[in-house]
Amino acid sequence: MSEYVLETENLGISFGGLKAAQDINIKIRKNEIYGLIGPNGAGKTTVFNMLTGVYQPTTGTFYLDGEELKGFPQDVINKKGIARTFQNIRLFNNMSVIRNVMVGLHNLPEYKCSLITSLLRLPRHFEVERNMRERAKELLKIFGLYEQRNLMAYNLPYGKQRKLEIARALATNPKLLLLDEPAAGMNPQETAELMDTIRFVRDNFDMTILLIEHDMSLVKGICDNVTVLNFGTTLADGSVEEALAMPEVVKAYLGDDD
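Residues numbered from 1 in each chain as written. Predicted model: local features only at pLDDT ≥ 70, side-chain atom pairs only at ≥ 80, totals over all residues. Heavy atoms only, no water.

### Section: the overall build of the protein
Counting secondary structure elements, the protein contains ten helices and eleven strands. For 258 residues, the compact-globule estimate of 2.2 N^0.38 gives 18 Å, and the C-alpha radius of gyration of the protein, at 19 Å, lies within 12% of that figure. Overall, the C-alpha framework of the protein stretches about 70 × 40 × 35 Å when taken along its three principal axes. Counting only residues that meet the buried cut, the protein has 48% of its 258 residues in that class. In the protein, the proportion of contacts linking residues at least 24 apart, taken out of those at least 6 apart, comes to 66%. Accessible surface for the protein amounts to roughly 12500 Å². Of this, 49% is attributable to carbon and sulfur atoms. In the protein, 29 positive and 33 negative side-chain charges are present, and the distance between their average locations comes to 10 Å. (Helix = DSSP H or I, 4+ residues; strand = E, 2+ residues; numbered from the N terminus. Rg over C-alpha atoms; globule rule 2.2 N^0.38 Å. Buried < 20%, exposed > 50% of the residue type's maximum accessible area, 1.4 Å probe, protein only. Contact = heavy atoms within 4.5 Å. Areas by Shrake-Rupley, 256 points an atom, 1.4 Å probe, with all protein chains shown as cover. Lys, Arg positive; Asp, Glu negative; His and termini not counted. Charge placed at Lys NZ, Arg CZ, Asp CG, Glu CD.)

### Considerations on the sheet that holds strand β10 (residues 225-230)
Strand pairing within a sheet occurs via backbone hydrogen bonds; the two strands may be parallel or antiparallel. Taken in spatial order, the six strands line up as β7-β8-β9-β4-β10-β11 in an open sheet, and their pairing is mixed. With one partner strand each, in any of the chains shown, β7 (82-84) and β11 (233-238) form the two edges of the open sheet. Ignoring which end each strand starts from, the neighbouring axes of this sheet average 20° apart. Pairing between strand β8 (residues 176-180) and strand β9 (residues 208-212): five bridges, direction parallel. Note that in β9 the partner of aspartate 180 across the bridge is isoleucine 212. Most of the contacts of helix α1 (residues 44-51) go to β9, to which it runs at about 140°, and overall it touches β4 (33-37), β7, β8, β9 and β10. The strands touched by helix α7 (residues 188-204) are β4, β8 and β9; relative to β9, the strand with the most contacts, the crossing angle is about 155°. (Pairing = 2+ DSSP bridges. Axes fitted to C-alpha atoms, helices over the stretch in contact; angles between N-to-C directions.)

### Some details on the packing of helix α6 (residues 158-170) against α7
Direction vectors running N to C along α6 and α7 enclose 15°, while the axes themselves pass 10 Å from each other. The pairing of α6 with α7 is recorded here as roughly parallel in orientation. Crossing hand, α6 versus α7: right-handed. The residues of α7 that touch α6, namely those facing Gly159, Lys163, Ile166 and Leu170, are Glu190, Glu193, Leu194, Thr197 and Val201. Along the lines of polarity and charge, the residues of the contact of α6 with α7 split into four nonpolar, two polar and three charged. (Parallel < 35°, antiparallel > 145°, perpendicular 65-115°, else oblique. Left-handed = near helix turned anticlockwise from the far one by under 90°. Nonpolar A, V, L, I, M, F, W, Y, C, P; charged D, E, K, R; others polar.)

### Some points on the pairing of strand β2 (residues 18-24)
Summarising the sheet, strand β1 (residues 4-15) and β2 pair through four bridges and their orientation is antiparallel. Opposite leucine 11, over in β2, you have isoleucine 24 as the bridge partner. Counting the residues in the hairpin turn of β1 and β2 gives two residues, including glycine 16, whose phi is positive at 65°.

Structural data, given as structure tokens:
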């Protein structure tokens, strides 16, 4: 097994003649919280889309625990152990909170049930349903959402919708959790609670986390290391303090005063 949970090698993608990302080399160790940062349009979400099979890389490749995953579709990559949340929250708004989490459990072999078993409502169907519900309740308790389990997801306040999306992603039992701007739209109190949640997930789920974020207070507060992208290429990488202090990074964020 590789010493890195995630390793990308010269990962890149072009759309026509446009290189949206190129030569992306990231190495993330187990239980690390790693930041992928940069100005708008730097290629961060493009990298996430390649890692989750939404886009197929045109150059390079990537590995999860030493296993190459380039070329696999989204569902297979999720089963292999990569889960994600989105910048714009994507919940099943007209489903209950607990049902949203149960959706995330369907990929796991212990909750598999044949079509015939479900159609005929055989005992195995009810056993699986009961076990899924109990596991979903456990996750909701961890995230402080148990009391709201029967509410429709759209009735949750914004910060709790974010927590529900993370809980649903964790229900797939990933090795690597990708968070795309988890603090977007949050007030300072919600952001502070989110930081606690991310640390809790890392420590209690034995999780490795890669996140995209524009809130530098959050990045400085929880990330072990970062990669800074600009125009689809790597501008800097290393510790948060070192990377953010580099003149080229400051220029990319603040612009050239000349």
